[in-house]
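Chain residues, written in single-letter form:
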Amino acid sequence: MSEQIQFIVEKLNQEPFRKNYNLITFDSLESTQLLQLLNDVLGEIDPKHAVDIREELPEQTAKRMLSLLGILKYKPPGSISDLSAFRQGLVTGSKPVIHPVLHWLLQRTNELKKRAYLARFLVKLEVPAEFLQDDTVADINKQYEELMEAFKNLHKECEQLKTSGLSTAEIRRDISAMEEEKDQLIKRVERLKKRVETVQNHQRMLEIARQLRLEKEREESLAQQKQEQKNQLFHAEQRLQRAQLQLKEMHHAVVDSKPESLMKKLEEEINFNSYLVTEKIPRELESKKNSAYFLQKVVAEPAMSQSDLNVLEIKINEVNAQMNQLIEKRMMKYEPIDSKFSMYRQQASIISRKKEAKAEELQAAKEEMSSTEKQMLQKTSQAHELEGSEVLKGDEFKHYVNKLRSKNTFYKKKRLEIAEITAEYGILQRTEELLKQRHEAIQQQLQAIEEKKGISGYSYTQEELERVSAVKSEMDEMKGRTLDNMSEMVKKLNAMVAEKKASLAPVIKELRQLRQKCQELTQECDEKKIQYDSCAAGLESNRSTLEQEVKGLLEECAQEESNYRYINCMKRNLEVQLQRAKEEMKAYISSDPQERRKAIREQYTRMILEQENLGKKLREKQKVVRESHGPNMKQIKMWQDLEQLMECKRECFLKQQNQTAIGQVIQEGGKDRLVL
């Protein structure tokens, strides 16, 4: 378990989650946080599930997660009873349920992403068989299946292209090669045109070739239409077989039933369908319309910031508080009068909830029965196509299974015997080879001795004579034994047949009685099983209703507890404010000046006087600034002019220095001389 949690924490700390968990913080997560974490992982696998679980009901969250886990083929450990515990643990956010799911999801994230993507297009929509009898629905269903097959082929091609490793350089080379081939083909066509122009009646020949090509294309289209018509004929035959099977089943049902039972069954179906049409479906339709209206309003409104959301949450809390107060006032006002009516209302609501739950269960059972019947029809059609025989049922199937088991045991036994015989045959074959080698060696020695003695071939002739005589004697003995054995075997068989008949007669009688008793016990077992199933279903439904009632009462208790705490907080706030008001009044009325100074009124009065004095000082300062503003501006203007004058003098001085540095002018005798 610790390794599992460590693996989960490591995966959650990596991309794309980056949760920065350790073992302690992960283990201390609450149920809602665990559910949100599981929802984040599922949202990474399928972006459609990336939502905030606080914005939806727990039942909706559990249903959504269970549907996605079913698509991803997650198998929770345990039996059927553990499955209900698994669903309950998924609703409540139990750690023993959430941790294995997270471990399984994080182990194969990439594979599950691919599976979730394909499930959007490959999860087949089951259409009931009675709707498929309509030609329009059947054609649309056929198009739907063809599109699904096309998507499968395209996805396979896409995966093959991804794994093929084609590069852009190779594609460019192929394009350039094809362009070169195109140029060559254009040149060849031009050359052929020039050659054809010299032939007589070339236009007529070209027209005939064009007509031949059109006829070949038409032939291909006709072959395709023929194949499509064959497929349509096959589907029509399948529909006919399904209709015949349904007709046969309906005939059997009519033969075994009475008019009263049929009328009762029809009345039950009419009542159930009328309940669906008049109550359940309109209510669901109205709720869907309301939700769609509110969603349209939300979409039409401009985007809201976090501050707007906070304001709305505050308003919602205030409205909820007002509603709770009004409900409490109404309960306090009308409780003695409506006590009986409230009890009746509660019973009526419980009965209506039970009725809705039973209607949903019945509808789910009908859907499951229709899907099961469809699967059964498919299996029977497949069995007819494979073997062409009827499907075995009941005792025939049991007899067939027992026969197969006996044949299997007999086959295994014979297989073991064959293996033993094969091993023994190998040993004997090896022994025979050794003996043959020894016999050949001895035979060679004997031939050498006979050649030395001058009687070659004597041993071979002697052996042949002995062999012939031995074979004759064996044949004579075998004939005699065969005749004796046959006579003895006939006598034994007759005696055994008579003995077996005598011994099996009481067993057969007893077997007939036991068969009759077995049939009675089987019938009784089926009846008891039906009673047990009905009782278990009733207890399960009672348990679910009690759980719903307990859940409702717990929610009501939590709501009342929150109201109680809210009222206590308001009471404490009011008590504190009242205590402060009393202390303020006491300090204000007190004759002690020290106590009066502590009063809030006195403090605010002093602060007001200080601020007024500060305002007077600031106004006087403003007045002084306004009076001295004009002279000060004139003085600034004078200083700026002075600065410009000094700057001009500085520039003139610099220019004069530059001129003296270049040369010197000397005046002598009324003449000017420039000395460099």
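Here, the structure is the one placed above.
Reading guide: rules and limits
- Residues numbered from 1 in each chain as written.
- Predicted model: local features only at pLDDT ≥ 70, side-chain atom pairs only at ≥ 80, totals over all residues.
- Heavy atoms only, no water.
- Helix = DSSP H or I, 4+ residues; strand = E, 2+ residues; numbered from the N terminus.
- Buried < 20%, exposed > 50% of the residue type's maximum accessible area, 1.4 Å probe, protein only.
- Contact = heavy atoms within 4.5 Å.
- Areas by Shrake-Rupley, 256 points an atom, 1.4 Å probe, with all protein chains shown as cover.
- Expected span 1.5 Å × (residues − 1).
- Arc of directions from axis to C-beta.
- Salt bridge = Lys/Arg side-chain N within 4 Å of Asp/Glu carboxyl O.
- Patch = residues over 30% accessible without salt bridge, like charges linked within 9 Å, V, L, I, M, F, W, Y side chains within 5 Å.
- Lys, Arg positive; Asp, Glu negative; His and termini not counted.
- Charge placed at Lys NZ, Arg CZ, Asp CG, Glu CD.

1. Some remarks on the overall build of the protein
Right, so step 1: Helix and strand content of the protein: 19 helices and 2 strands.
Right, so step 2: Residues classed as buried in the protein amount to 12% of the 676 residues present.
Right, so step 3: Taking all contacts inside the protein whose residues are at least 6 apart in sequence as the whole, residues at least 24 apart take part in 55%.
Right, so step 4: Total accessible area computed for the protein in this model is approximately 58,000 Å², and 58% of it derives from carbon and sulfur atoms.

2. Comments concerning helix H4 (residues 58-71)
Right, so step 1: End to end, H4 covers 20 Å across 14 residues, agreeing with the expected 20 Å (1.5 Å per residue, within 8%).
Right, so step 2: Every buried residue of H4 is accounted for by Thr-61, Ala-62, Arg-64, Met-65, Leu-68 and Leu-69. Across the axial projection of H4, the buried residues extend over an arc of 165 degrees, all falling on one side. Turned more than 90 degrees away from the buried face of H4 sit Lys-63 and Gly-70, all of them exposed.
Right, so step 3: Lys-73 sits one or two residues past H4 and shows a positive phi near 65 degrees.

3. Brief notes about the environment of Ala-62
Right, so step 1: Among the secondary structure elements, Ala-62 is positioned in helix H4.
Right, so step 2: A C-alpha to C-alpha distance of 5.5 Å links Ala-62 and Val-91, two positions 29 residues apart in sequence.
Right, so step 3: With near-sequence residues (within four places) excluded, Ala-62 lies in contact with Leu-90 and Val-91.

4. Brief notes about the pattern of salt bridges
Pairing between side chains of opposite charge can happen when the charged atoms of each approach one another.
Right, so step 1: Applying the stated criterion to the full structure yields 14 salt bridges.
Right, so step 2: In this structure, Glu-44 and Lys-113 form a salt bridge, with 3.1 Å as the shortest nitrogen-oxygen distance. On the criterion of sequence distance, the pair formed by Glu-44 in helix H3 (residues 31-45) and Lys-113 in helix H7 (residues 109-122) is long-range, its members being 69 residues apart.
Right, so step 3: Given the relative accessible area of 28%, Glu-44 is considered partly exposed.

5. Things to note about a negative patch on the surface
Right, so step 1: On the surface, Glu-179, Glu-180, Glu-181 and Asp-183 cluster together to form a negatively charged patch.
Right, so step 2: In this structure, Asp-183 sits in helix H10 (residues 168-197).

6. Let's talk about the side chain of Arg-64
Right, so step 1: Among the secondary structure elements, Arg-64 is positioned in helix H4.
Right, so step 2: On the basis of relative accessibility, which here comes to 14%, the residue Arg-64 falls in the buried class.
Right, so step 3: Here Arg-64 is in contact with Asn-39, His-49, Val-51, Ile-53 and Glu-56, once residues within four sequence places are set aside.

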